[in-house]
Amino acid sequence: MSRIQLFIFFVLFSTSLTFIISGEKVDFFISKNLSQIFLFPHRCISSYFHYLQVSQQHIEELEKTVAELQLTNEELKSHLNIAEDSILIPNLKLMKANIIGRDPMNFNGFLYIDKGERDNVYINQPVVIGHRLVGKVKSVSSNMSLVETFEKPGFAISGMDEKTRVYGIVKNNGNLKFNYVKIDDEINIGDTIITSGLSEIFPKGIMLGSVKEIEIADDHLFKEVIIKPFVQINQISYVYLIFTKKDTLPELIEKRPGIPEKLKELKMVIPALRK
Amino acid sequence: MKRYLGYLLLLYIFIPFNQKIDIISILIFFVILNESPVFSVVFSFFAGLLLDLYYPVALGMNAMFHTILAQGLSYVKKYLIQEPLPILIIFTIFYILKVLLTFIFVISEIHLAKILLTIFTFLPIFIILNKIFYRVWSRS
């Protein structure tokens, strides 16, 4: 055993002995300073892990907030669509109605809404969400109504291709089909089908769906056009009712060509006759 | 030099896990068997001091025990054969002495599970340390 080794051993032994026999205050002072020096790498690593842990928690909280904000954003966007629609379809009054029930026999075919006669809802009133068609009012009671949706088999409506202006009848025969499109008519996959405005019920321009498939019918006279609807009936919780009956009878009469002049003449004639 | 840095690095890595298995004692034992007596004593003192700082009970106690045990083992090292069984027996004696010294002077509890776990895991850890530092599983 070398002298150096013995010397080092005695130095280290005396140092540790000094640590042991020193008082509490000295101990605390030495521990504090030595920890700062010797446990520095360890403190750095543990603080880094602590930072990672805290960051992870923070990220989770932020993800939760983002998810909530996304939901709110979607909701607000859908409301914004409605506002835009009322500009796109001018002079139309809209009223929001919540879906309060569905027909158990035809789950997506009929919806019950919380607006009725009290809210001036009437039969055949168009029902939309955004600027997309849902259906029409089938029956009305005092405070609720039944809506027939386009998913009810047999539902039919006059429609047209927004781009090529080809007219036809949209009918639900299990699939939503755009019927009576002649073989020569131009219609393409992805085209939007909207209401034509030819029907007295639905105003022009309400979106029905997009063209999904085009086939030649067996008779080789017409095309069989299958439409993918824009609205998923089983995913909506509210709808909007469109008020198209805004004109009163005298106003309608006055608007018809030739009638206002005749009315004026009559108004002048009637007092004379009374006399 | 590389090996010395490796020992220090392992020391810092092992400290947080030392409460379950006395892995620092295994590392010290490995260093005493394979390095020069001077480095072994200094390293043992430093490891003991780190333990005193990390798990504060009585400052300097672990440092002193480790220094004494390192010095003592350095004396008998040349008579040892580096075979698994003799090494395990020597480590067990070394470790039990350390536990007894700690028990007598610090009056701490004896954790039997920790002692048994340390002795059981000694050989695998020792072999891995051999592989890390000397690229061989066993140095006989």
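By the naming in an unreviewed UniProt entry, chain B goes by Rod shape-determining protein MreD and is assigned to candidate division WOR-3 bacterium.

Looking at an unreviewed UniProt entry, one finds chain A named Cell shape-determining protein MreC and attributed to candidate division WOR-3 bacterium.

S.K.: Help me understand the overall build of chain A, please; the structure alone is not making it clear to me.
M.R.: The number of helices and strands found in chain A is five helices and twelve strands. Put simply, chain A has 275 residues, and 35% of those count as buried. Counting contacts in chain A only where the partners sit at least 6 residues apart, residues at least 24 apart contribute 53% of the total.

S.K.: Explain the nonpolar core here, please?
M.R.: What tends to happen in soluble globular proteins is that the nonpolar side chains get buried as a cluster. In this structure, B:Tyr7, B:Ile24 and B:Phe29 are the most contacted members of the largest nonpolar core, which totals 51 residues. If you list the elements that add at least two residues to this core, you get helix H1 (3-21) and helix H2 (24-38) of chain A together with helix H1 (2-14), helix H2 (23-34), helix H3 (37-54), helix H4 (61-76), helix H5 (84-106) and helix H6 (112-134) of chain B. Here B:Ile24 is in contact with B:Leu11, B:Phe14, B:Ile15, B:Asn18, B:Ala47 and B:Leu51, once residues within four sequence places are set aside. Core analysis: the second largest hydrophobic core is formed by 39 residues, A:Ile113, A:Phe178, A:Tyr240 and A:Ile242 among them.

S.K.: Just checking my understanding: could you explain the environment of B:Tyr75 for this structure?
M.R.: All names here are of chain B. Relative to the assigned elements, Tyr75 resides in helix H4. For Tyr75, a relative accessible area of 41% translates into the label partly exposed. Sequence spacing of Tyr75 and Pro37 is 38 residues, and the spatial spacing of their C-alpha atoms is 8.7 Å.

S.K.: I tried to follow the interface of chain B and chain A on my own but got confused; where do I start?
M.R.: Between chain B and chain A, the residue contacts involve 22 residues of the former and 21 residues of the latter. Carbon and sulfur atoms supply 82% of the area buried between chain B and chain A, which totals about 2000 Å² over both sides. Looking only at chain B, the three residues that lose the most surface to chain A are B:Tyr12, B:Leu53 and B:Leu59, adding up to 30% of its buried area. On inspection of chain B and its partner chain A, the count reaches zero salt bridges. Remark: the boundary between chain B and chain A carries one residue pair in polar contact (both at pLDDT 80 or more). For the side of chain B that touches chain A, the secondary-structure elements that each account for two or more residues are H3 and H4 of chain B. Element by element, the count of residues in the side of chain B that touches chain A is highest for H3(B), at ten residues. By residue class, the composition of the side of chain B that touches chain A is 18 nonpolar, four polar and no charged.

S.K.: Looking at this structure, how should I read the confidence of the model for chain A?
M.R.: Note: predicted coordinates in regions of low pLDDT should not be interpreted at a detailed level. Residue and element names in this part refer to chain A. Confidence in the prediction of chain A, expressed as mean pLDDT, is 81, and 83% of residues score 70 or more. Within chain A, no element has a lower average pLDDT than helix H4 (residues 249-255), which sits at 46, and none a higher one than strand S5 (residues 145-149), at 92. Here residues 83-88 is a poorly scored stretch, pLDDT under 50, and it has three contacts once near neighbours within four places are set aside; other chains count. Across residues 247-253, where pLDDT falls below 50, the model places six contacts with residues more than four positions away in sequence or in other chains.

S.K.: Before we go on, may I ask you to explain the packing of aromatic side chains in this structure?
M.R.: By convention here, two paired aromatic rings are described through the distance between centres and the angle between planes. Residues and elements named next belong to chain B. In total, this model carries 25 aromatic pairs over all chains according to the counting rule given. When the centroid spacing of 5.5 Å and the interplanar angle of 50 degrees are considered together, the rings of Phe29 and Phe94 count as tilted. Of this pair, Phe29 sits in helix H2 while Phe94 sits in helix H5, and the two are 65 residues apart along the sequence. With relative accessibility at 0%, the residue Phe29 sits in the buried group. With a relative accessible area of 4%, Phe94 lands in the buried category.

S.K.: Can you walk me through the pattern of salt bridges in this structure?
M.R.: Where charged atoms from two side chains of opposite charge come close, those side chains can pair. Residue and element names in this part refer to chain A. Inspection of every chain in the model, using the stated rule, returns seven salt bridges over all chains. Lys177 is the partner of Glu224 in a salt bridge, and the nearest nitrogen-oxygen pair spans 4.0 Å. Remark: Lys177 occurs in strand S8 (residues 175-182) and Glu224 occurs in strand S11 (residues 222-229); sequence separation between them is 47 residues. Each of Lys138, Glu148 and Lys152 takes part in a single network of salt bridges with overlapping partners.

S.K.: What exactly am I supposed to notice about H1(A) here?
M.R.: An α-helical turn contains 3.6 residues, so any two residues separated by three or four positions project in the same direction. Helix length check: H1(A), at 19 residues, gives a terminal C-alpha distance of 26 Å against a target of 27 Å (1.5 Å per residue), a fit within 8%. Along H1(A), the residues classified as buried are A:Gln5, A:Ile8, A:Phe9, A:Leu12, A:Ser16 and A:Phe19. Projection of H1(A) onto a plane perpendicular to its axis shows the buried side chains occupying an angular sector of 100 degrees, all on one side. Looking at H1(A), the residues exposed on the side facing more than 90 degrees away from the buried face are A:Arg3, A:Phe7 and A:Ile21. Looking at the buried residues of H1(A), the elements they touch are H2 of chain A together with H3 and H4 of chain B.

What counts as what
- Residues numbered from 1 in each chain as written.
- Chains lettered and ligands numbered in written order.
- Predicted model: local features only at pLDDT ≥ 70, side-chain atom pairs only at ≥ 80, totals over all residues.
- Heavy atoms only, no water.
- Helix = DSSP H or I, 4+ residues; strand = E, 2+ residues; numbered from the N terminus.
- Buried < 20%, exposed > 50% of the residue type's maximum accessible area, 1.4 Å probe, protein only.
- Contact = heavy atoms within 4.5 Å.
- Core = buried A, V, L, I, M, F, W, Y, C linked by side-chain atoms within 4.5 Å.
- Buried area = accessible area lost by both parts, 1.4 Å probe.
- Salt bridge = Lys/Arg side-chain N within 4 Å of Asp/Glu carboxyl O.
- Polar contact = N/O pair within 3.5 Å; in protein donor to acceptor, adjacent residues only side chain to side chain.
- Nonpolar A, V, L, I, M, F, W, Y, C, P; charged D, E, K, R; others polar.
- pLDDT = per-residue confidence, 0-100.
- Phe/Tyr/Trp six-rings, centres within 6.5 Å; stacked < 30°, edge-to-face > 60°.
- Expected span 1.5 Å × (residues − 1).
- Arc of directions from axis to C-beta.

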